[in-house]
Amino acid sequence: MLNKIDHIGIAVRSIDASLPLYRDVLGLEFLGDEVVESQRVRVAFFKIGESMIELLEPTSDDSPVAKFLEKNGEGIHHLAVGTDDIVAARARASSGGLRLLSDTPLDGAHGKLISFVHPKDTQGVLLEFTQRGH
Ligand code: CMX
């Protein structure tokens, strides 16, 4: 049901300031950037093998990433695992006692469906389920 590490999310204050590190210094392929309205973030993706690194920059002060940056500074924000059935992944997590952070899957970057699990239920790791859109 969970079939790959889709991406690792890294909170940054500025994507423009961080882009040269990932693209030019580390030499990763830049896949583009977009604003994800549902999460109040701008994101940029870099390909690394079968997975990606996602940089997250808040677009408003009430973005979850703004709060994260204020508390922790820049750094790893979440782990996203791919699934071919996000409804089933949510149901399994929920029946295992994990708190889902939305009542339904939400629209994420790249037209994907996304859902988050509360980090306090997963040993301090904010876990994201992500499913390619149809
Ligand atoms: N990883 C690990 N722990 C985290 C965390 C994260 N990314 N974000 C918050 N926490 C911890 C906090 O440190 C805090 O712990 P303590 O109680 O020990 O201090 C606790 O969770 C509560 O955090 P908070 O700062 O008080 O914030 P809220 O309770 O208001 O919100 C959360 C926390 C996880 C519910 C909220 O950030 C959320 O809904 N996140 C999911 C959505 C999201 O992060 N979207 C951005 C990514 C979008 C994308 O990839 O497209």
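Look up: the structure comes first, before these words.
Anyway, here's the lowdown on the structure attached to this text. (Residues numbered from 1 in each chain as written. Predicted model: local features only at pLDDT ≥ 70, side-chain atom pairs only at ≥ 80, totals over all residues. Heavy atoms only, no water.)

### Points about helix α1 (residues 15–25)
Line of reasoning, step 1. When we look at burial in α1, the residues that qualify are Ile15, Ser18, Leu19 and Tyr22. Around the axis of α1, the buried residues are gathered within 120° of arc, so they sit on the same side. Seen from the open side of α1, the exposed residues pointing more than 90 degrees away from its buried face are Asp16, Ala17 and Val25.
Line of reasoning, step 2. Buried-residue contacts for α1 involve β1 (2–11), β2 (29–36), β3 (41–48) and β4 (51–58).
Line of reasoning, step 3. Among the residues of α1, the N-terminal cap falls to Ser14, whose side-chain oxygen and the backbone nitrogen of Asp16 are separated by 3.4 Å. (Buried < 20%, exposed > 50% of the residue type's maximum accessible area, 1.4 Å probe, protein only. Helix = DSSP H or I, 4+ residues; strand = E, 2+ residues; numbered from the N terminus. Arc of directions from axis to C-beta. Contact = heavy atoms within 4.5 Å. Polar contact = N/O pair within 3.5 Å; in protein donor to acceptor, adjacent residues only side chain to side chain.)

### A few points about the site of the ligand
Line of reasoning, step 1. Residues in close proximity to the ligand total 17 residues, the closest being Gln39, Lys67, Lys71, His77 and Lys120.
Line of reasoning, step 2. Between an oxygen atom of the ligand and a side-chain N or O atom of Lys67, the distance comes to 2.9 Å.
Line of reasoning, step 3. Lys120 is positioned with one of its side-chain polar atoms (N or O) 2.7 Å from an oxygen atom of the ligand.
Line of reasoning, step 4. Counting atoms within 2 Å of the grid points, the majority share of the ligand lands in the largest pocket.
Line of reasoning, step 5. Among the elements of the structure, β4, α2 (64–72) and β5 (75–83) are those that each provide at least two residues to the shell around the ligand.
Line of reasoning, step 6. With five residues, α2 is the single largest residue contributor to the shell around the ligand.
Line of reasoning, step 7. Grouping the constituent residues of the shell around the ligand by class yields eight nonpolar, four polar and five charged. (Near = heavy atom within 4 Å. 1 Å grid on protein atoms, 1.4 Å probe; cavity = no way out; pocket = protein on both sides within 12 Å on 5 of 7 lines; lining within 4 Å. Sits in = over half its atoms within 2 Å of the grid points. Nonpolar A, V, L, I, M, F, W, Y, C, P; charged D, E, K, R; others polar.)

### Side note on the layout of surface pockets
Gaps left between atoms are located by rolling a probe of water-molecule size over the structure's atoms.
Line of reasoning, step 1. Considered as a void within the structure, the largest pocket measures approximately 800 Å³ in volume.
Line of reasoning, step 2. What lines the largest pocket is a set of 34 residues, and nearest its centre among them are Pro64, His77, Leu101, Phe116 and Leu126.
Line of reasoning, step 3. When contributions to the lining of the largest pocket are tallied by element, the ones reaching two or more residues are β1, β3, β4, α2, β5, β7 (113–117) and β8 (127–131).
Line of reasoning, step 4. In terms of residues, the lining of the largest pocket owes the most to one element, α2, which gives six residues. (Points joined across faces, edges and corners; volume = space filled by probe spheres on them.)

### Some words on the pairing of β2
Line of reasoning, step 1. Across seven bridges, the pairing between β2 and β3 is antiparallel. Residue Gly32 lies in a different strand from β3, and its bridge partner there is Phe45.
Line of reasoning, step 2. Linking β2 to β3, which pair antiparallel, is a turn of four residues; within it Arg40 sits at a positive phi near 55°. (Pairing = 2+ DSSP bridges.)

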